Every structure is written in C-alpha cells, then in structure tokens.
Amino acid sequence: MTNSNSASSRRPNQTSLLSSNIIAGPMRSNTAMNSTRSNNSPSALAQIAHPSTASSAPIRVHTQQPRIPTYLLDTPVNRCELPSAPQTLIPQSASGEYEARTERFPLPSNWNPKDRCRHLDLSRQLLRVSYDGPGHGEGDAGAIRANCPMPPQCGIYYYEVKIISKGKDGYIGVGFCDRDVSLERLPGWEKNSWGYHGDDGNSFCCKGKGEHYGPTFETDDVIGCGVNFFDMTAFYTKNGVHLGVAFRDLKGTFYPSVGLNTTGEVVEANFGRRNFVYDIDQLFKEEKSRFMSGVISRPLPAAPTKVESTTNTLLRQRVEQSINMNELVMTYLHHHGYCATAQSLVREAGGTEGGAGGPTLMQTDDLVFADKNTIVRQEIRKHVLEGNIDAAIHLMDNHFPTVLQDNEEVNFALYCRKFIEIIRVALRLNHLSSISHQNDVQERGEQMEIDDTRLDQISRHEKNSEDIVWEDVLSCGRQLQMLFGSSSKQHLRMALQEVFFLIAYKDPTESSSSHLLEISGREEVATALNSAIIGSMGGSAISSLERVTRQLLLTHEELVDRGVAAASFFNMQKDIFE
C-alpha cells in the first residue's frame, strides 16, 4: 500500500466533508479572510471569551515608509488609528506617487510642498531642499515646514538634516515653528519659531537677535534637532555630538522647519527612514530611566486599617474603600481560585487569613464563596487550562448548572475550545505518524506548538486511528452549528465561521484562523468561565486588582490622548505587566 492511502493523504476529502456538513453558507477564501481581519487584530472569538483584554489590545503599525525610528517602537506613535484618523501622504518614488497611511499620531515624514517659500525647490522624495532665490539679503530668505507636527506622544521627537552644500554663505537655519509662522524668514526670527543657524552658530528664540550656542555648519555636516516634551526643552546635535539644551519652557505646536538664504545652499532631511547619526536611542533610554526612577521612588500612601469615627462623610467613605496592596493581590488569588498561593501570601505577610487586620474569605466583596466552591472553580480552571474541556463541562453541569445556560457567549467560547482541542489532538497524531515518513518535521512547516498534555475526554483517540479523531471533529462541529449557528448575535455567528475555517485546509496550522490553536486561548476561556461563575453567585465578575488595572490602562490612554509626554515613557505591557 502506497503512502497516498495514508490517513494524512485522505485529509482533503475529510476537510471537504467537514466544511460542507458543518458550515452554513459558503466558505470565505483565504484572501477574503485576510482582507477582513488583520493578523494582529483581536479575533472575534478572543473578544467573546475575554473582551476586556481583546478589545483593548494595541494594533501595531506595519508599513515600510516612513520607518518608525527604533526608539519610538514602544511608544504610542507606533499604533494604527480608527478610520476617522487623518491620512499622511507618503512619497513612494521620485515620480510623485503617494501612499495613504492612517495613523493615530502621525510622524513627520517629508517636507510639505504646499507649505514652503517660493525660493525653495524640493527633490529626492520631498526630503531635499535647495535654494533658488536671488540671495541678496535677509529679505530673500525662505523656509519650509514638514507635512505634520511633532506629536508629544513621542516623549522625545528628533530629526536630522545633512548639509549637502553650505552654498555661498551658509545662511542655513534648522529648527521648528508653529503652523502659522511666516516662511519668508529663517527659523527663529519670528514669534513661535526656534532655530539654530549655521553661519554664526547662534540660536534664535522667537526674535531676530541670537545667542551664541554652537559651532557653525560646513558641507557634509549632519545637524540634529530634538524636542523633549517631558521637560519642554529643545537640543541640537552636530555629527552625532550633543550640543546641550538650546531652548527651555517651550509652548505650542511644533513643525520641523529649515530655512535657506543664499545661492547654492542644499540640505536633506532624515525623519527616521534611515538610522540617525546621533544615538537618540540611548538618550531616550536615559530620559525614560530618569522618569521611571522618579515614579518608583514616590512612596505609596499607607492604607488605614481602622475606620475612625468622623463627621466627614466623604473622608469616611474613602477610608472604608481603601485597601492595601497585599489585600489587592489576595483578592485576585481568591477570585481565580488560587487558595494555596493566597494562604502562602498571608503567612509571608505575617498574618492569618481572617485574623485581626486582615480580610476573611467572607469579609471582602471578591471573596464571597465557601471553600468548596473555590476548590471546584479551581478544578474547572485547571481542566480548561489542560485542554480537558469535557471534564470542565461535567463539573459545570454538576455544581453550577445554570451558568452556561444564562451566559450564551461563555458557553459558546467553551464549546469552541472543545472543538479546537480535538483538532489539536488530530494534529498531534498526524505529527507522530509523519515522523515515520520524514526525519525533519520542521521542514514541513509545522510551526504550531502541540503539547503533550493528557486530554481525558479524548484519550481513546491516542489508541485509535486519526480517522476517528476527525469523526469527532465532525460531531463536535455539528453540535456547535446546532447550538449557535442560528444565534441572534451576529458576532457569535461570525466567530463560529472563524473557528470552522480551521478545517478548510489540509493543514489547519496554515489557515488564517491558526492562531486559535494556540494554548493561550485556554487562559481566555478559563478566565471568562470563572468570572461567569462568580457573577452568578452575586460576586464581582472581575477582582479588585483587575479593576485597578483597567483603571490604570484607561488613565494611561487618556493621558496619551491629551498629549502628556510622560505617558509616552510607559509601555504598559512591557513596563508594567511583564
């Protein structure tokens, strides 16, 4: 018998059967699926199982031009925006073709051809500026602004200008200005305009009289200009050397700007498409470290352990609502059923759970369950995290029979996870059988992690053929279709299509829904199921610690939206949660 008769070779017929028997309506093509859902967007199933995290996940920008400088990759500017965001025109070639890119906080990417003095010419993808005026005096100067302002969400914004030619006299100014500043003068000579000039090395702050600042410019010099939105100062660099603070107490909206004044002057900007000469990454790290040190050194207010008698009602309410950090952590542990860890925390804190000065299992809103229910919740969570969905459903039916009936979305997520786990077992069996036909499994492109966790509800599959597993996939899929295929909730029907799309391919790991096979999906379902159980018993669906965390995330987003530069030094995922 040849290899063509193996279970693996019969898979196309099986998947075709599954698709036609399970999925209502035509299957979407791979292209269509990819066009409707970004690989980095939260899946419909993830939003159902764990909406608090799935819907708030940041969406990364994936474009090549303009390249986001490495020091800004963990800042809010490295995000996409809602459809209503303004579009930045990005030059793609010298022929003048453009690409529309939607950004939340757009970065300057080129000089604006509609916002320049008549004496200036543009070339090299709107990055090179040449002087083409009479050049007789200050009245012949000309400036140009970038296509958008520096976003405060950078924390620190930085760009560089190379002096291609200093021309006749080197009357070149590099700096920034407001949107309405006249472009008939060099940067720094007008109100709301700041500049560093190459002919005399002076800095000019909103007036025609300068102050000595740094060296003059020569051909091939690279002049950098940076604005620190945290302390509202500006600095310059020359050929990678920091020249110190040039301006302080800055206010306004700042557009990168350069100005030229005499014949032969040519400059070219680098807004981040290429590596900078100056090590701006190191400066940003130092500023962030300084800021974070200040945050960490700030002491937390002590939480009172006793409510004193007072006539100030508001003060009394605040004291009653206060909770210390140990209690926050303990409520989280109890909420998710980690009783042993909670008891260890109490012992290490030097107290006894339920003793004087500490909350008991019944005293705190989040700890409203008897020990038996907590243990059962812990068992259910354990089964889900192991992929043993049938065992979890059995415990739910025995101990919390109404929870799944009353929570359609949680019930949907749980049964979808069962369907996914059966597919994972089929992949594991296929993986084992393929070893006898190939020495190197990785060359087949099987990158999906398939763990060796024992799945009690389908242990018989490991003793039988792969065909039996796919029969169970078909059976489970039909059950899903029967339960949720006619749901009144459109997002459930869409999520169901996404789950079924796993079996539209001979290898589910190559489908556009392959992310659903990841083990991390178990955690989302387990958390949603636990919250539903607690909610059914009158408790809060989320713990106090999680409420604080959500408030922290919302506060951070609000500060970012308001342009508070300090918020840009925080990457919530990396700096707080990892």
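Note that the structure is a prediction, hence the values are computed from the model and not measured.

**Q** Explanation requested: the sheet that holds strand E9 (residues 193–197) in the structure shown.
**A** Backbone-to-backbone hydrogen bonds join strands into a sheet, with any given pair of strands oriented parallel or antiparallel. Strand order across the open sheet formed by seven strands is E3-E6-E15-E8-E9-E10-E11, with antiparallel pairing between neighbours. Pairing within the sheet leaves two strands with one partner each, and these edge strands are strand E3 (111–116) and strand E11 (211–212). Pairing geometry for strand E8 (residues 173–177) and E9, over five bridges, is antiparallel. Note on E9: the bridge partner recorded for valine 174 is tyrosine 196.

**Q** It is not clear to me how the packing of helix H7 (residues 325–335) against helix H8 (residues 339–348) should be interpreted in this structure. Could you clarify?
**A** Think of two packed helices as two axes; the pair is described by the angle between the axes and how far apart they sit. Relative orientation of the contacting elements H7 and H8 amounts to 160°, with a least axis distance of 8 Å. With respect to H8, the element H7 is oriented roughly antiparallel. Helix-helix and strand crossings are classified by hand; for H7 and H8 the assignment is left-handed. For the pair H7 and H8, the contacting residues are Asn326, Val329, Met330, Leu333 and His334 in the first and Thr341, Ala342, Leu345 and Val346 in the second. Tallied by class, the residues present in the contact of H7 with H8 amount to six nonpolar, three polar and no charged.

**Q** Would you take a moment to explain the side chain of serine 257 for this structure?
**A** Counting through the fold element by element, serine 257 comes out in strand E15 (residues 255–260). Classification of serine 257 as buried rests on a relative accessible area of 1%. Setting aside anything within four residues of it in sequence, one finds serine 257 in contact with Trp111, Ala143, Ile144, Tyr159, Gly173, Val174, Gly175, Phe176, Cys177 and Pro187.

**Q** What am I meant to see in the pattern of salt bridges here?
**A** Should the charged atoms of two oppositely charged side chains come close, the side chains can pair. Going through the model one piece at a time under the given rule, you end up with 17 salt bridges. Ionic pairing is found between lysine 166 and glutamate 218, a salt bridge with its closest N-O pair at 3.5 Å. A residue pair is termed long-range when its members are at least 10 positions apart, and lysine 166 in strand E7 (residues 156–166) and glutamate 218 in the loop between E11 and strand E12 (222–228) qualify at 52 residues. Ionic pairing is found between glutamate 421 and arginine 522, a salt bridge with its closest N-O pair at 2.8 Å. One end of the pair, glutamate 421, is in helix H12 (residues 408–435); the other, arginine 522, is in helix H15 (residues 520–536), with 101 residues separating them in the sequence. Take glutamate 421: its relative accessible area is 0%, and that puts it in the buried class. Looking at arginine 522, the relative accessible area reads 2%, which means it is buried.

Rules used in this analysis
Residues numbered from 1 in each chain as written. Predicted model: local features only at pLDDT ≥ 70, side-chain atom pairs only at ≥ 80, totals over all residues. Heavy atoms only, no water. Pairing = 2+ DSSP bridges. Helix = DSSP H or I, 4+ residues; strand = E, 2+ residues; numbered from the N terminus. Axes fitted to C-alpha atoms, helices over the stretch in contact; angles between N-to-C directions. Parallel < 35°, antiparallel > 145°, perpendicular 65-115°, else oblique. Left-handed = near helix turned anticlockwise from the far one by under 90°. Contact = heavy atoms within 4.5 Å. Nonpolar A, V, L, I, M, F, W, Y, C, P; charged D, E, K, R; others polar. Buried < 20%, exposed > 50% of the residue type's maximum accessible area, 1.4 Å probe, protein only. Salt bridge = Lys/Arg side-chain N within 4 Å of Asp/Glu carboxyl O.

Without other data, these values stay purely geometric and don't point to any function.
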